[in-house]
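Chain by chain, the residues:
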Amino acid sequence: MPSEKGKQKAEGGWAGLFKKEDWLAVWLGFLIIALILLGVQVKLPGFKWTTDGEFTKLIATMAPVVDSVTKGAGEKQEADVLAAATGLKAAMGTGDRKAVGDAAKKLGEVGKKAKDSGLKSRADTVSKELVAPAGQLPGKVFGGENLWRAIFIGIGFLVLASIGIALMGAPLGKFIVAFPVVYILAWLSMFIAGNYSVSYWGLEFVLWALVLGLFVSNVLGLPAFLKEAVRTEYYIKTGLVILGAGILFGEILQAGAYGIIQALLVVSVVWYICWWIAKRLHVDDDFAALLASAVSICGVSAAIAACGAIQGDKKKLSYVTSIVLVCAVPMMVLMPWIVKAFGIPDIVGGAWLGGTLDTSGSVVAAGALISDAAMKTGVIVKFSQNVLIGVAAFILAVVWSFKAGALTGERPSARVIWERFPKFVLGFLVASIVFSFFLSTGTVKAVGGTLSGLRTMWFALAFVCIGLETKFTELATLEGGRPAAAFLIAQAFNVLWTLLLAYILFGGYIFPAPVIK
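Let us look at the structure shown here. Values in this document were obtained by computation on a predicted structure and should not be read as measured data. (Residues numbered from 1 in each chain as written. Predicted model: local features only at pLDDT ≥ 70, side-chain atom pairs only at ≥ 80, totals over all residues. Heavy atoms only, no water.)

Observations concerning the overall build of the protein chain
No. 1: When its secondary structure is counted, the protein chain shows 26 helices and zero strands.
No. 2: Compactness check: the protein chain gives a C-alpha radius of gyration of 24 Å against a globular reference of 24 Å for 517 residues, within 12% of the reference.
No. 3: Taken along its principal axes, the extent of the C-alpha atoms in the protein chain is 85 × 55 × 50 Å.
No. 4: Out of the 517 residues belonging to the protein chain, those deemed buried represent 52%.
No. 5: Of the roughly 23200 Å² of accessible surface on the protein chain, a fraction of 68% belongs to carbon and sulfur atoms.
No. 6: Each charge class in the protein chain can be summarised by its mean position, and for the 45 positive and 33 negative side chains these summaries are 3 Å apart. (Helix = DSSP H or I, 4+ residues; strand = E, 2+ residues; numbered from the N terminus. Rg over C-alpha atoms; globule rule 2.2 N^0.38 Å. Buried < 20%, exposed > 50% of the residue type's maximum accessible area, 1.4 Å probe, protein only. Areas by Shrake-Rupley, 256 points an atom, 1.4 Å probe, with all protein chains shown as cover. Lys, Arg positive; Asp, Glu negative; His and termini not counted. Charge placed at Lys NZ, Arg CZ, Asp CG, Glu CD.)

Some points on the packing of helix α2 (residues 21–37) against helix α23 (residues 423–438)
No. 1: Relative orientation of the contacting elements α2 and α23 amounts to 25°, with a least axis distance of 7 Å. Taken together, the axis directions place α2 and α23 in an arrangement best described as roughly parallel. With respect to the hand of their crossing, α2 and α23 are arranged in right-handed fashion. Taking contact as the criterion, the partners of Asp22, Trp23, Val26, Phe30, Ile33 and Leu37 in α2 are, on α23, Lys423, Phe424, Leu426, Gly427, Val430, Ala431 and Phe435.
No. 2: In the contact of α2 with α23, the residues fall into 10 nonpolar, one polar and two charged. (Axes fitted to C-alpha atoms, helices over the stretch in contact; angles between N-to-C directions. Parallel < 35°, antiparallel > 145°, perpendicular 65-115°, else oblique. Left-handed = near helix turned anticlockwise from the far one by under 90°. Contact = heavy atoms within 4.5 Å. Nonpolar A, V, L, I, M, F, W, Y, C, P; charged D, E, K, R; others polar.)

Looking at α23
Structurally, the α-helix is built with 3.6 residues per turn, so residues lying three or four positions apart point the same way.
No. 1: Over its 16 residues, α23 runs 22 Å from end to end, which matches the ideal 22 Å to within 8%, given 1.5 Å per residue.
No. 2: All of the buried residues in α23 are Lys423, Phe424, Val425, Gly427, Phe428, Ala431, Ser432 and Phe435. (Expected span 1.5 Å × (residues − 1).)

Side note on α2
No. 1: Taking 1.5 Å of rise per residue, 17 residues should cover 24 Å, and α2 covers 24 Å from first to last C-alpha, within 8% of that figure.
No. 2: Buried within α2 we find Asp22, Trp23, Leu24, Ala25, Val26, Leu28, Gly29, Ile32, Ile33 and Ile36.
No. 3: Immediately downstream of α2, the backbone of Gly39 shows phi near 105°, a positive value.

So, unusual backbone geometry
No. 1: Here Gln77, not a glycine, exhibits a phi torsion of approximately 60°, which is positive.
No. 2: Summarising the element assignment, Gln77 is placed in the loop between α3 (52–75) and α4 (79–94).

Some words on the side chain of Ser127
No. 1: If you trace the backbone, Ser127 turns up in helix α6 (residues 117–135).
No. 2: Excluding residues that lie within four positions of it along the chain, Ser127 makes contacts with Ala104, Lys105 and Gly108.

Remarks on the packing of aromatic side chains
No. 1: By the definition in use, this model includes 19 aromatic pairs.
No. 2: Each ring, one from Phe175 and one from Phe179, has its centre 5.6 Å from the other, and the planes form 40°; the classification is tilted. A residue pair is termed a helical-turn pair when its members lie 3 or 4 positions apart in one helix, as Phe175 and Phe179 do in helix α9 (residues 172–193) at four residues. Phe179 carries the same exposure label as Phe175, and that label is buried.
No. 3: Their ring planes at 75° and their centres at 5.9 Å tell us that Tyr258 and Phe506 sit as a pair that is edge-to-face. (Phe/Tyr/Trp six-rings, centres within 6.5 Å; stacked < 30°, edge-to-face > 60°.)

Digging into the pattern of salt bridges
No. 1: A complete count under the given rule lists 12 salt bridges for this structure.
No. 2: Between Asp22 and Lys237 there is a salt bridge; the shortest N-O distance is 2.6 Å. Remark: Lys237 occurs in helix α12 (residues 232–243) and Asp22 occurs in helix α2; sequence separation between them is 215 residues.
No. 3: The residue Lys316 makes a salt bridge to Asp284 at a minimum N-O spacing of 3.0 Å. Separated by 32 residues along the polypeptide, Lys316 in helix α17 (residues 314–341) and Asp284 in the loop between α14 (256–280) and α15 (285–298) bring together distant segments of the chain.
No. 4: One connected set of salt bridges, linked through shared partners, spans Glu21, Asp22, Glu233 and Lys237. (Salt bridge = Lys/Arg side-chain N within 4 Å of Asp/Glu carboxyl O.)

Structure (structure tokens):
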């Protein structure tokens, strides 16, 4: 019988390519990307829904805007726009959702031809606000075709994930039985987040997936049969590899060097500050590294990459994840309000959001509450920071290898550093490079939406699992709350530091402000 050391050595060689979770996540992510590129048709389910009551309130909110379009069209003698706005007003009076949607769509089309730019803009706003919610009936989410799409994707995920489970030598039968439950919880998180009001406030699926998982684990109790499908890292690593296909260097460079410079200054300075604070509060090195990576780069994804690089404790990772998500909710609501209340320029506000909020989804949601320019700027800055996930993981792998060597007296070799390095980060980088430089723009656009939707589902699975394996009692007693204090203090510094950088780089006071519309 081979020794444990010999077994580890074997798995560290070529066998590790098909037995270790890191590598299997890479192959699974690549396989999904390849299937979509090869033309496999995947119709994503819809999750957007607006109740009749919400739509009635929306009509009341938009009525003054429609009145201003009607008045402006009359003053500017824009006959077509006037007719369309009058028709929309009449439809809004009936409350018929289809009639309102059709009339709002017509106003948007006619408004594009308006000569007055202000009138064109208001007509476009009305169309965007009313057309989509008008057709987002709750019944459609539970319609047969939409449910079948969700089931089809669930079966596909189960089949693909099971290949990796089998190669890892885990109990395949137990995984197959338990996975549908985790998938249903993930679907429910997407459904809740799809509600009009919930979406308006930026409460995205990440939060609801965590809440549902926490409810099961802390209120109902995690059933024993479900444990085999609770594989947080397997799911999120796969999602991160697919995320690489959406990190395009060309888009990052739209903001010139500004976005990259801000990302470098935010990540390096905030990482060090968080580390320094954590150490002053007597938080251990592993915990400090996870906290610093989360607050400075991009939240949960960076924390998971850091955890893989330092081979950290999964309980500490769950703690950091919970703090990140709890902190993100008020930030998503308050920061757009601050931008508007204090008259912060939209592009500066977007750069501020992109440098502080911890997920691309939260940046999009919060940025949209300000303007399209703010949203686009925020996404560009966030993408610039996301690219640094791989850099941070590599540096941590090297540093922690030397730390381990100092304890054992052995000088770490390149092999040791390589073994510590999280392999899914390589998958992320390879996907990003391929989509940035080797595929046509048309191809990237054609598959982008599908890959984004599939990636979101993998992330939803992961966040459900984080909740399922997290106990409030354990989190509350972990190091006496000092890690949470370190994170919150560092996040407060991050908010102020990033706002200063956003003003310097995007405000047009020192450097020419980039043109982002």
